[in-house]
Amino acid sequence: MRRLSWLVLVFAAFVFFFAAGDLPAVGDPDSPPNTHVSPRYIEASYKETGALNTVTGVLADYRGYDTLGETVVIFTAGIASLLILGWMSTKEEENHP
Amino acid sequence: MKPPFGSIILDAAFRLMIPFILLFAVYVLVHGHYSPGGGFQAGVLFAVSVILVRLVHGRDAAWGVSRKGAVILACLGTFIFGGIGLLTVIFGGNVLDYGALPLGPHEAEVRAMGTLGIEIGVTIAVMGVILTIFYAMIGKED
């Protein structure tokens, strides 16, 4: 079992290093992330969203649905920790020891 | 949280710090439109001030948010965010397309108001969730 996990680990490392060679260089102006939507955001975000801060424009306006999802994820995390670590009432525990 | 670890130094220091933390939280929230910051960070700052009061003064803190209140805040914040998304649909836009809200003639202004609205929702939600986790971790002694 231990040998098998090492085998899987080495295989995964090999795949990752093999794939890393095809990644675009850091700061490459011709890479897909820098040519697809970024120029549009930088040029038009002030006109389209009215936000001077491009990050806010993207986060709250272009990707508002994504931010809604983030909020729901955090909310779910809070509720889950509440359910795991203990609910607020102590009376129920006295009734059901 | 049975014994609050209060001392004169701690008491004086946190009395001095709380107003500035709250003011900075409001600044981070309101100014998020123009500078780095926004709802998530402001919510953490609000929660930190409440947790600090709770840590120093223990159970008999002068102000704060109760256990139930923390859960209600978490639900309320998420509800505000989703509600604004629903309002934009009701007023004939896409989901979270703030331009559809009937708040004034200037579209940029309306969009800024919509952004501020969802940031307030995020702030309340994050504050409530952090306080919920805090109260869940300190046990149920009160």
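All figures in this text were calculated on a predicted structure; none of them were measured in a lab. (Residues numbered from 1 in each chain as written. Chains lettered and ligands numbered in written order. Predicted model: local features only at pLDDT ≥ 70, side-chain atom pairs only at ≥ 80, totals over all residues.)

J.: I'd love a proper account of the overall build of chain B, names of residues and values included.
T.: Summing up its helical and strand segments, chain B has four helices and zero strands in all. Mapped in sequence order, the helices and strands of chain B form the string α-α-α-α. Along the first, second and third principal axes, the C-alpha set of chain B runs to 55 × 30 × 20 Å. Taken across its 142 residues, chain B has 35% of its residues classed as buried. At a minimum sequence separation of 6, the contacts of chain B that also span at least 24 residues come to 63%. (Helix = DSSP H or I, 4+ residues; strand = E, 2+ residues; numbered from the N terminus. Buried ≥ 20, exposed ≤ 12 C-beta atoms within 10 Å, placed from the backbone. Contact = placed C-beta atoms within 7 Å.)

J.: Would you mind going over the interface of chain B and chain A in detail, with residue names and values included?
T.: Contact residues are listed per partner, giving 31 residues for chain B and 24 residues for chain A. Among the elements of the structure, α3 (67-90) and α4 (107-137) of chain B are those that each provide at least two residues to the side of chain B that touches chain A. Broken down by class, the residue content of the side of chain B that touches chain A amounts to 17 nonpolar, nine polar and five charged. (Nonpolar A, V, L, I, M, F, W, Y, C, P; charged D, E, K, R; others polar.)

J.: Give me the lowdown on helix α1 (residues 2-20) of chain A, citing residues and values where you can.
T.: In this model, α1(A) (19 residues) spans 27 Å end to end at C-alpha, consistent with the 27 Å of a helix rising 1.5 Å per residue. The buried fraction of α1(A) amounts to zero of the 19 residues, a small share that puts the element mostly on the outside. (Expected span 1.5 Å × (residues − 1).)

J.: Which residues make up the environment of Thr71(A), and what values do they have?
T.: Tracing the backbone shows Thr71(A) in helix α5 (residues 64-85). Since 26 C-beta atoms lie within 10 Å of it, Thr71(A) is described here as buried. Through-space distance from the C-alpha of Thr71(A) to that of Gly21(A) is 36 Å; in sequence the pair is 50 residues apart. Residues in contact with Thr71(A), not counting those within four places in the same chain, are Thr78(B), Phe81(B), Val122(B) and Ala125(B).

J.: Give a description of unusual backbone geometry that names residues and reports values.
T.: Generally, phi is negative for residues other than glycine and the peptide bonds are trans, each holding for most cases. All names here are of chain B. Look at Leu 96: it is not a glycine, yet its phi comes out positive at around 60 degrees. Within the element layout of this structure, Leu 96 appears in the loop between α3 and α4. Given 26 C-beta atoms within 10 Å, Leu 96 falls into the buried group.

J.: Tell me what's going on with the nonpolar core, and back it up with residues and numbers.
T.: Counting 36 residues, the largest nonpolar core has Ala125(B), Met127(B) and Leu131(B) as the members making the most contacts within it. Mapped onto this core, the elements with two or more residues apiece are α4 (54-62) and α5 of chain A together with α1 (8-30), α2 (39-57), α3 and α4 of chain B. By residue number, the principal contributor to this core is α4(B), which donates twelve residues. Residues from two domains meet in this core; each of domain 1 (29-62) and domain 2 (64-97) of chain A gives at least three. Ignoring sequence-local partners within four residues, the contact set of Ala125(B) consists of Thr71(A), Ile74(A), Phe75(A), Gly43(B), Ala74(B), Gly77(B), Thr78(B) and Phe81(B). (Core = buried A, V, L, I, M, F, W, Y, C linked by C-beta atoms within 7 Å. Domains from an automatic or database assignment.)

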